[in-house]
Amino acid sequence: MNKTEQSKGQSVFAETRLANDPPLRAVRAFEAIARLGSVTLAAQELAISPSAVSHQLRVLEGYLQMPLTERQGRRLVLSQQGRDYYRSIRAAFNVLRQATEHLVEQSQTRQVTISLIPLFGMGWFIPRLPAFMRANPQTEINVVYANHRNYLSDASDMSIRFGNGQWAGYQSEKLISGQMVPVCSRAFLRIHGHIDTPEQLLQMPLLHDEERSTWQQWFMLQGVKRPPRRSGPMFEDGLLTLAGVQAGLGCALMREPLIAPYLESGELVKVFDLPIDDGRDYYLCVRSDTEMTEDGKLLQNWLRRAAGSEQPTA
């Protein structure tokens, strides 16, 4: 390639870069500093000198035109902008690491990676997993979190997704119901007394999972015309909501199949056996453009059988 052709190539590359495409080497250095809490530790992980890490940090701060760190005595800590930026990029780096690990490990072992929402894993999948492992000891299971707010980042062989069953590029089949029932802890009942009617719940502390409108829909379904208070803690996901219920903070509408172990142990109590269906369920999803491995098919079929054996018969 002569100098003219090389210059043209560089020009084309420069033109195709996004206007807000950050210096990735500098972003990588900042992510290591933020995660490890130290320029020295970041340098050790990246196998470069501390001064090189500091230089990359200055490059990124210059690009963003804002300080990402600040000095507190001899310590370097994240500024408010730095904390905000790290929270934003952390998920992207986790996706990169998971994708890399998945590709490497898949070529070395008979591994199947499944992604799922934390409460689904704790309340349904993991309690049943020993049965699969006893029947299929040769299959390695890798369980990772599903980012249910951005399923496009999923790099797993299969995933358990929560929603209406429609995701571009995936084949989905309903696995279990997402119906909700009102629950509280047994300790909560000891303090507040038995709850006999839905109207009595209006006087109780109510917890909210992701949104505050679901309780209102439940009360309307029970014929209670007076709307509930829209106050009370709201939690980002079911796992946090479960922790709130266990702590005795109040009553919550929770997906019954996922809290079955806690109901069976008596730790949690169904206040009323009056479910509400918001049209969202749990689906077993696989990629439309990828052939499932034999071990993946073993897990897929086992999940179907495990869910099917619990479905009520007509």
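Thresholds, definitions, all that
Residues numbered from 1 in each chain as written. Predicted model: local features only at pLDDT ≥ 70, side-chain atom pairs only at ≥ 80, totals over all residues. Heavy atoms only, no water. UniProt positions renumbered as here; feature names shortened; annotations may be inferred. Helix = DSSP H or I, 4+ residues; strand = E, 2+ residues; numbered from the N terminus. Buried < 20%, exposed > 50% of the residue type's maximum accessible area, 1.4 Å probe, protein only. Pairing = 2+ DSSP bridges. Axes fitted to C-alpha atoms, helices over the stretch in contact; angles between N-to-C directions. Contact = heavy atoms within 4.5 Å. Parallel < 35°, antiparallel > 145°, perpendicular 65-115°, else oblique. Left-handed = near helix turned anticlockwise from the far one by under 90°. Core = buried A, V, L, I, M, F, W, Y, C linked by side-chain atoms within 4.5 Å. Salt bridge = Lys/Arg side-chain N within 4 Å of Asp/Glu carboxyl O. Arc of directions from axis to C-beta. Polar contact = N/O pair within 3.5 Å; in protein donor to acceptor, adjacent residues only side chain to side chain. 1 Å grid on protein atoms, 1.4 Å probe; cavity = no way out; pocket = protein on both sides within 12 Å on 5 of 7 lines; lining within 4 Å. Points joined across faces, edges and corners; volume = space filled by probe spheres on them. Nonpolar A, V, L, I, M, F, W, Y, C, P; charged D, E, K, R; others polar.

You'll find the protein entered in an unreviewed UniProt entry as LysR substrate-binding domain-containing protein, with Enterobacter soli given as the organism. A UniProt comment under Sequence similarities (unreviewed entry) is attached to the protein, and it reads "Belongs to the LysR transcriptional regulatory family."

1. Observations regarding unusual backbone geometry
The phi angle at Gln-65 is positive, at roughly 60 degrees, despite the residue not being glycine. Looking at the secondary structure, you find Gln-65 in the loop between helix 4 (50-64) and strand 1 (69-72). Owing to a relative accessible area of 67%, Gln-65 belongs among the exposed residues under this scheme. Here Glu-210, not a glycine, exhibits a phi torsion of approximately 75 degrees, which is positive.

2. Some points on the sheet that holds strand 6 (residues 170-176)
The sheet built from five strands is open, its strands ordered 4-3-5-12-6 with mixed pairing. Unpaired on one side and paired on the other, strand 4 (140-145) and strand 6 mark the two borders of the sheet. Looking at each pair of strands side by side, their axes are set apart by 25 degrees on average, direction ignored. Summarising the sheet, strand 5 (residues 158-163) and strand 12 (residues 281-287) pair through six bridges and their orientation is antiparallel. In the sheet register, Arg-161 faces strand 12, and the bridge partner there is Tyr-283. Seen against the sheet, helix 12 (residues 294-308) touches strand 3 (111-116), strand 4, strand 5, strand 6 and strand 12 and runs at an angle of roughly 35 degrees to strand 6.

3. With respect to the packing of helix 2 (residues 24-36) against helix 3 (residues 39-46)
Across the interface, helix 2 lies against helix 3 with an axial gap of 8 Å and an inter-helix angle of 125 degrees. What the angle tells us is that helix 2 and helix 3 run oblique. The interaxial crossing formed by helix 2 with helix 3 has right-handed handedness. On helix 3, the residues touching Arg-28, Ala-29, Ala-32, Ile-33, Arg-35 and Leu-36 of helix 2 are Val-39, Leu-41, Ala-42, Glu-45 and Leu-46.

4. Some points on the nonpolar core
Counting residues in each nonpolar core, the largest one holds 36 residues, and the members touching the most others are Phe-120, Trp-124, Phe-125 and Leu-303. Here this core takes six residues from helix 6 (residues 118-135), the largest share from any one element. Look past the residues within four positions of Phe-120 in its chain and what remains in contact with it is Phe-125, Ile-160, Leu-175, Ile-176, Leu-258 and Tyr-282.

5. Notes on the sheet that holds strand 10 (residues 252-255)
Taken in spatial order, the three strands line up as 10-7-11 in an open sheet, and their pairing is antiparallel. Taken across any chain shown, the strands that pair with only one partner, and hence form the sheet edges, are strand 10 and strand 11 (268-270). Averaged over all pairs of adjacent strands, the angle between strand axes in this sheet comes to 50 degrees, irrespective of strand direction. The pairing of strand 7 (residues 180-185) with strand 10 spans four bridges and is classified as antiparallel. Following the sheet pairing, Met-180 is matched in strand 10 by Arg-255.

6. Comments concerning the environment of Phe-120
Mapped onto the elements of the fold, Phe-120 is located in helix 6. Separated by 118 residues in sequence, Phe-120 and Gly-238 have C-alpha atoms that sit 8.8 Å apart.

7. So, the pattern of salt bridges
A complete count under the given rule lists 14 salt bridges for this structure. With a closest N to O distance of 3.2 Å, Lys-270 and Asp-273 form a salt bridge. On the accessibility criterion, Asp-273 (56% relative accessible area) is exposed. One connected set of salt bridges, linked through shared partners, spans Arg-28, Glu-31, Arg-35, Glu-45 and Arg-97.

8. Topic: helix 9 (residues 213-221)
What helix 9 keeps buried is the set Thr-214, Trp-215, Trp-218 and Phe-219. Looking straight down helix 9, one finds its buried side chains confined to an arc of 135 degrees; they lie on one side. The exposed residues of helix 9 that point more than 90 degrees off its buried face are Met-220 and Leu-221. Residues of helix 9 that are buried in the fold lie against strand 7, helix 8 (198-201), strand 8 (208-209) and strand 10.

9. Some words on the side chain of Ser-79
Following the sequence through the fold, Ser-79 ends up in the loop between strand 2 (75-78) and helix 5 (80-108). Here the side chain of Ser-79 touches Pro-67 through a polar contact of 2.8 Å, landing on its backbone oxygen. Ignoring any residue separated from it by four or fewer positions in sequence, one finds Ser-79 in contact with Pro-67, Leu-68, Thr-69 and Glu-70.

10. What to know about empty space enclosed by the protein
By the definition in use, this model includes one cavity of 30 Å³ or more. Looking at the largest cavity, its volume works out to about 240 Å³. The wall of the largest cavity is formed by 21 residues, among which Phe-162, Asp-209, Glu-210, Gly-238 and Arg-255 lie closest to the centre. Elements with a contribution of two residues or more to the lining of the largest cavity: helix 6, strand 8, helix 9 and strand 10. Broken down by class, the residue content of the lining of the largest cavity amounts to 10 nonpolar, four polar and seven charged.

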